[in-house]
Amino acid sequence: MGQDGATVDLHVEAFPGETFREKSRASIPRSPRISRTFEAEALLANPDGRLKPGFFLQASIPSEKQDKAIFLPERAVNYRYGVYKVFV
């Protein structure tokens, strides 16, 4: 997934609207395709001591691959003889 030096954005509930940004210091493991979950650890500079243990946050880590997808209504898909067809 991520590589050394990837930017990690953290949004902390205690500071709404504020983004804490840091470069990753370790490779982040690939996410298994089935669960799409993984454990990650981030080190964040906290020189002013605003961030405290126990704060809730959301983290965003860039992904190397983005799958393209087309969304359409189910009724637009026609299935016959083992073949799916979409008419445009």
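Treat the numbers as computed from the prediction; the structure is a model and nothing was measured.

Quick notes on the rules
Residues numbered from 1 in each chain as written. Predicted model: local features only at pLDDT ≥ 70, side-chain atom pairs only at ≥ 80, totals over all residues. Heavy atoms only, no water. Core = buried A, V, L, I, M, F, W, Y, C linked by side-chain atoms within 4.5 Å. Buried < 20%, exposed > 50% of the residue type's maximum accessible area, 1.4 Å probe, protein only. Helix = DSSP H or I, 4+ residues; strand = E, 2+ residues; numbered from the N terminus. Contact = heavy atoms within 4.5 Å. Salt bridge = Lys/Arg side-chain N within 4 Å of Asp/Glu carboxyl O. Patch = residues over 30% accessible without salt bridge, like charges linked within 9 Å, V, L, I, M, F, W, Y side chains within 5 Å. Areas by Shrake-Rupley, 256 points an atom, 1.4 Å probe, with all protein chains shown as cover. Polar contact = N/O pair within 3.5 Å; in protein donor to acceptor, adjacent residues only side chain to side chain.

Overview of the nonpolar core
- Counting 6 residues, the largest nonpolar core consists of Val8, Leu10, Val12, Phe15, Phe20 and Leu51.
- Of the residues forming this core, the biggest block, 3 residues, is contributed by strand β1 (residues 7-12).

Details of the environment of Leu44
- The topology assignment puts Leu44 in the loop between β2 (19-23) and β3 (57-60).
- In this structure the C-alpha to C-alpha distance between Leu44 and Leu10, which are 34 residues apart in sequence, comes to 9.2 Å.
- Filtering out sequence-adjacent residues up to four positions away, Leu44 remains in contact with Leu10, Phe20, Arg21, Glu22 and Leu51.

Points about the pattern of salt bridges
- Enumeration over the complete set of coordinates arrives at 2 salt bridges.
- A salt bridge links Arg21 to Asp9, with the shortest nitrogen-to-oxygen separation between them at 2.6 Å. Of the two residues, Arg21 sits in strand β2 while Asp9 sits in strand β1, which places them 12 residues apart along the sequence.
- A salt bridge links Glu18 to Arg50; the nearest nitrogen and oxygen atoms lie 2.8 Å apart. With a gap of 32 residues between them, Glu18 in the loop between β1 and β2 and Arg50 in the loop between β2 and β3 connect regions that are remote in the sequence.

As for a nonpolar patch on the surface
- Residues Ile70, Leu72, Val77, Tyr79, Tyr84, Val86 and Val88 make up a contiguous nonpolar surface patch of about 840 Å² in total accessible area.
- Put simply, the parts of the chain that give the nonpolar patch at least two residues each are β4 (77-80) and β5 (83-86).
- Within the secondary structure layout, Val77 lies in strand β4.
- Judged by relative accessible area, which is 33%, Val77 ranks as partly exposed.

Quick look at the side chain of Glu22
- Along the chain, Glu22 turns up in strand β2.
- Relative accessible area serves as the criterion here: at 18%, Glu22 is assigned to the buried category.
- Among the polar contacts listed, one links the side chain of Glu22 to the backbone nitrogen of Ala45, at a separation of 3.4 Å.
- Once residues lying within four places of it in the same chain are set aside, the contact partners of Glu22 are Ala6, Thr7, Val8, Leu43, Leu44 and Ala45.

Remember, this is a structural readout, not a statement about activity or role.
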